[in-house]
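# Structure at a glance
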Amino acid sequence: MKVLVLGGGGREHALVWKLKQSPRVDEVFCAPGNAGIAQEATCLPCDLTRLDSIIEAVLKVGPDLVVVGPEVPLTLGTVDELRRRGISVFGPTQAAAQLESSKSFSKAFMTRHRIPTARYAQVHAVSEIKDALAHFSAPIVVKADGLAAGKGVVIAATKEEAVATATAMLQGSLGEAGYNILFEEFLQGEEISFLVISDGERVAPLVPAQDHKRIGDGDTGPNTGGMGAYSTAGLIDDNMREWLLRHVARPVIAGMAAEGTPYTGILYCGLMMTARGPQVLEFNCRFGDPEAQPILMRLESDLLEAFEASIEGRISDGIFRWSPEPSVCVVMASHGYPGKYESGKCISGLERANALDGVKVFHAGTSLVSGEMATAGGRVLGVTARGADLEAAVARAYEAVQCISFDGMQYRTDIAHRRLKR
Ligand code: AMP
Ligand code: GLY
């Protein structure tokens, strides 16, 4: 079989790596991919923000299966268009992907289906801000309705800051994404990424993971796309998994089906584990990045089989088999990230890191510069390791990180700290 993965980050490298292990996959392609992916798959150019460019890449490859990595191609309707052309594709339709692309859709949907989430108010105009805020006390979460590449959520410490942030968003500071906004009650607790796969009717859970969104150790500094993640059974117990399936994942899938927009693909439930129980912060319509890296490192069964089961309506409890061993991914980023960052820095030590037992270095922003591996993005590498226990996995990941070097590299030294302390 010929498989085409759309995307070019660490998540897509992990998808390519795992799909290549399937005995039924002969050839993997990736569009656009990156320099690390190019060592394992055939990469071809593609602008993922344009449906015509995506279709062109798909037609060039002629794959038996297309796997969509990131959210933007999903919201453009890639799955709808490929299905229309009779091409097999893993992921949700444009209408189903609204669970991620529109926060107002997602919040109204959760309200309709009694899925636990923070109280909210929707605002379309500056003149509505004052009335909407009357029902909230600080801190207040301000969210742009649309996709804003991680910049769409602000935790305002005071009402005045909430007014200022909301006004700026409504006046276009984030472009179209902020023309509608939401105020949300601030929730406190630990964040968990709970992912399931669905065929539109049934769901099967993946192993849980935890992201580290802030740039700095001890969860300090600005938010990023994710500076590291880990997966271990200890993140949620069996009872909690059952609860989340019963009160979140299954109601979402049943609700989407009942509303005529059945959801197939990976459903990522971003949860806050609060004192009053788990609350949904957001849905993503895809694997998380960097969560995909540690999650897929624990997968022992065939990922292709699971994708096919989702497409063909055959999802069952046994679709995934997982290693009990925990896994950790440490992201190595460029100087300046998440702001303006430097590129073109030579990367050394990759071979030595990859040679360590249980270690795989996934590439995100890398490119070849006159034959040398160099940095080409904010997040550069996802150094991922498995171990007999979490301590061992963390130690291995950091041993691999120590092997690697590039100018201005930055990474967190405390990935998995919440579980290691216990
Ligand atoms: P979202 O894109 O909605 O997941 O928001 C991005 C991040 O903002 C989340 O991962 C949380 O860290 C934080 N966040 C979002 N909503 C809330 C909330 N209601 N209370 C506290 N933190 C939140
Ligand atoms: N790591 C969070 C995300 O992929 O959205």
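Structure first, text after, so check above.
Residues numbered from 1 in each chain as written. Chains lettered and ligands numbered in written order. Predicted model: local features only at pLDDT ≥ 70, side-chain atom pairs only at ≥ 80, totals over all residues. Heavy atoms only, no water.

## A short note on the site of ligand 2
Rules: For each residue, the test is whether any non-hydrogen atom lies within 4 Å of the molecule or strand; if one does, the residue is near. N or O atoms within 3.5 Å of each other form a polar contact, as long as, within protein, one can give a hydrogen and the other can take it, and as long as residues adjacent in sequence are counted only when both atoms are side-chain atoms.
Residues in close proximity to ligand 2 include Asp211, Gly225, Tyr268, Asn284, Arg286, Gly288, Asp289, Pro290 and Glu291, which together make up its full environment. Take aspartate 289: an N or O atom from its main chain is 2.9 Å from an oxygen atom of ligand 2. Between ligand 2 and glutamate 291 there is a distance of 2.8 Å, counted from a nitrogen atom to a side-chain nitrogen or oxygen.

## Here's the deal with the environment of methionine 409
Worth spelling out the cut-off: The helix and strand labels rest on DSSP assignments: H or I over at least four residues marks a helix, E over at least two residues marks a strand, and numbering proceeds from the N terminus. Remark: exposure states derive from per-residue accessible area (1.4 Å probe, protein chains only) relative to the maximum for the residue type, with buried under 20%, exposed over 50%, and partly exposed in between. Contact definition: two residues touch when any of their heavy atoms are within 4.5 Å.
Note that methionine 409 resides in the loop between helix H13 (390–403) and helix H14 (417–420). By relative accessible area, which is 30% here, methionine 409 ends up partly exposed. Sequence separation between methionine 409 and threonine 375 is 34 residues; the distance between their C-alpha atoms is 9.6 Å. If sequence neighbours within four positions are ignored, methionine 409 has contacts with Met332, Ala333 and Ile404.

## What about the state of the cysteines?
Short version of the rule: Throughout, disulfides are identified as pairs of cysteine sulfur atoms within 2.5 Å of each other.
Under the criterion given, the structure shown has 0 disulfides. With no disulfide of its own, cysteine 269 lies closest to cysteine 285 among cysteine sulfurs, the gap being 10 Å. Among the residues examined, cysteine 285 registers a relative accessible area of 3% and is labelled buried.

## Structural notes on the site of ligand 1
As a reminder, the rule being used: Note on areas: these come from Shrake-Rupley sampling with a 1.4 Å probe, and a residue is covered only by the protein chains present in the view. Classification convention: Asp, Glu, Lys, Arg as charged; Ala, Val, Leu, Ile, Met, Phe, Trp, Tyr, Cys, Pro as nonpolar; all other residues, Gly among them, as polar.
In the vicinity of ligand 1, 14 residues are found, and the nearest of them are Lys143, Glu184, Leu187, Glu191 and Glu282. Burial of ligand 1 by the protein amounts to 89% of the accessible area it has alone, namely 470 Å². Those elements that provide at least two residues to the shell around ligand 1 are strand S7 (140–144), strand S8 (153–156), strand S9 (181–185) and strand S17 (277–284). In terms of residue class, the shell around ligand 1 is built from 7 nonpolar, no polar and 7 charged.

## Observations regarding the sheet that holds strand S15 (residues 228–231)
Note the threshold: Strand pairing follows a simple DSSP-based rule, namely that at least 2 bridges must link the two strands. Axis definition: a line fitted to C-alpha atoms, over the contacting stretch in the case of helices. Angles run 0 to 180 degrees between N-to-C directions.
Taken together, the 5 strands give an open sheet; going across it, the order is S12-S15-S18-S22-S19, and neighbouring strands pair in antiparallel fashion. Strands with a single pairing partner mark the edges of an open sheet, and in this sheet they are strand S12 (210–211) and strand S19 (359–363). On top of the sheet, H13 reaches S15, strand S18 (327–333), S19 and strand S22 (379–386); it is set at about 25 degrees to S18, its chief contact.

## Notes on the environment of threonine 117
With respect to the helices, strands and loops of the structure, threonine 117 is situated in the loop between helix H6 (103–112) and strand S6 (120–123). Assessed through its relative accessible area of 16%, threonine 117 is described here as buried. Threonine 117 sits 164 residues away from leucine 281 along the chain, and the two C-alpha atoms are 6.6 Å apart. In this view, threonine 117 contacts Lys107, Met110, Arg276, Gln279 and Val280; residues no more than four positions away in its chain are not counted. In terms of polar contacts, threonine 117 uses its side chain to reach the backbone carbonyl oxygen of valine 280, at 2.8 Å.

## With respect to the pattern of salt bridges
Heads up, the condition is: The working definition used for a salt bridge is a side-chain nitrogen of Lys or Arg within 4 Å of a carboxyl oxygen of Asp or Glu.
Overall, the coordinates contain 28 salt bridges when judged by the stated rule. For lysine 360, the salt bridge goes to glutamate 40, with nearest N and O atoms at 2.7 Å. Of this pair, lysine 360 sits in strand S19 while glutamate 40 sits in the loop between strand S2 (27–32) and strand S3 (42–43); the two residues are 320 residues apart in sequence, bridging distant segments of the chain. Owing to a relative accessible area of 13%, lysine 360 belongs among the buried residues under this scheme. A salt bridge links aspartate 47 to arginine 50; the nearest nitrogen and oxygen atoms lie 3.8 Å apart. Exposure remark for aspartate 47: the relative accessible area of 29% places this residue in the partly exposed category.

## Describing the sheet that holds strand S5 (residues 89–90)
One open sheet accounts for 5 strands, arranged S3-S2-S1-S4-S5; its pairing is parallel. Whereas interior strands pair on both sides, the edge strands pair on one side only; in this sheet they are S3 and S5. When S2 meets S3, the two strands line up parallel, connected through 2 bridges. Paired with phenylalanine 29 across the bridge in S3 is threonine 42. Each of strand S1 (2–7), S2 and strand S4 (65–68) touches helix H2 (residues 51–61); the most contacted strand, S1, lies at about 160 degrees to it.

## Quick word on the side chain of serine 310
Mapped onto the secondary structure, serine 310 falls in helix H11 (residues 303–312). From its side chain, serine 310 meets the backbone nitrogen of glycine 265 in a polar contact 3.5 Å long. Leave out the neighbours within four places in its chain, and serine 310 touches Phe90, Ile197, Ser198, Asp199, Thr264, Gly265 and Ile315.

## Regarding a nonpolar patch on the surface
To keep it simple, the criterion reads: The patches described consist of residues with a relative accessible area above 30% and no salt bridge, like charges being joined within 9 Å and nonpolar side chains (Val, Leu, Ile, Met, Phe, Trp, Tyr) within 5 Å.
Taken together, the side chains of Val153, Ile155 and Phe186 make up a nonpolar region of the molecular surface, amounting to roughly 230 Å² of accessible area. Mapped onto the elements, isoleucine 155 comes out in strand S8. By relative accessible area, which is 46% here, isoleucine 155 ends up partly exposed.

## Structural notes on the side chain of arginine 419
The topology assignment puts arginine 419 in helix H14. A distance of 3.5 Å separates polar atoms of two side chains, one belonging to arginine 419 and the other to tyrosine 230. Ignoring any residue separated from it by four or fewer positions in sequence, one finds arginine 419 in contact with Glu190, Gln210, Tyr230, Thr232, Gly234, Leu235 and Leu390.

## Topic: the packing of aromatic side chains
For any two aromatic rings, the description comes down to two numbers: the centre-to-centre distance and the angle of the planes. Put simply, the test is: A pair of Phe, Tyr and Trp rings is counted when the ring centres sit within 6.5 Å of each other, with Trp represented by its six-membered ring. The angle between the planes then sorts it: under 30 degrees is stacked, over 60 is edge-to-face, the rest tilted.
This model, assessed by the stated rule, comprises 6 aromatic pairs. Between tryptophan 17 and phenylalanine 362 the ring centres are 5.3 Å apart and the planes differ by 75 degrees, which places this aromatic pair in the edge-to-face class. With a gap of 345 residues between them, tryptophan 17 in helix H1 (residues 10–20) and phenylalanine 362 in strand S19 connect regions that are remote in the sequence. Here tryptophan 17 falls in the buried class, since its relative accessible area comes to 17%. Residue classification places phenylalanine 362 among the buried positions, given a relative accessible area of 0%. When the ring of phenylalanine 287 is compared with that of phenylalanine 307, the centres are 6.5 Å apart and the planes differ by 65 degrees; the resulting orientation is edge-to-face. Here the residue phenylalanine 287 occupies a position in the loop between S17 and helix H10 (292–297), and phenylalanine 307 occupies one in helix H11, the gap between them amounting to 20 residues.

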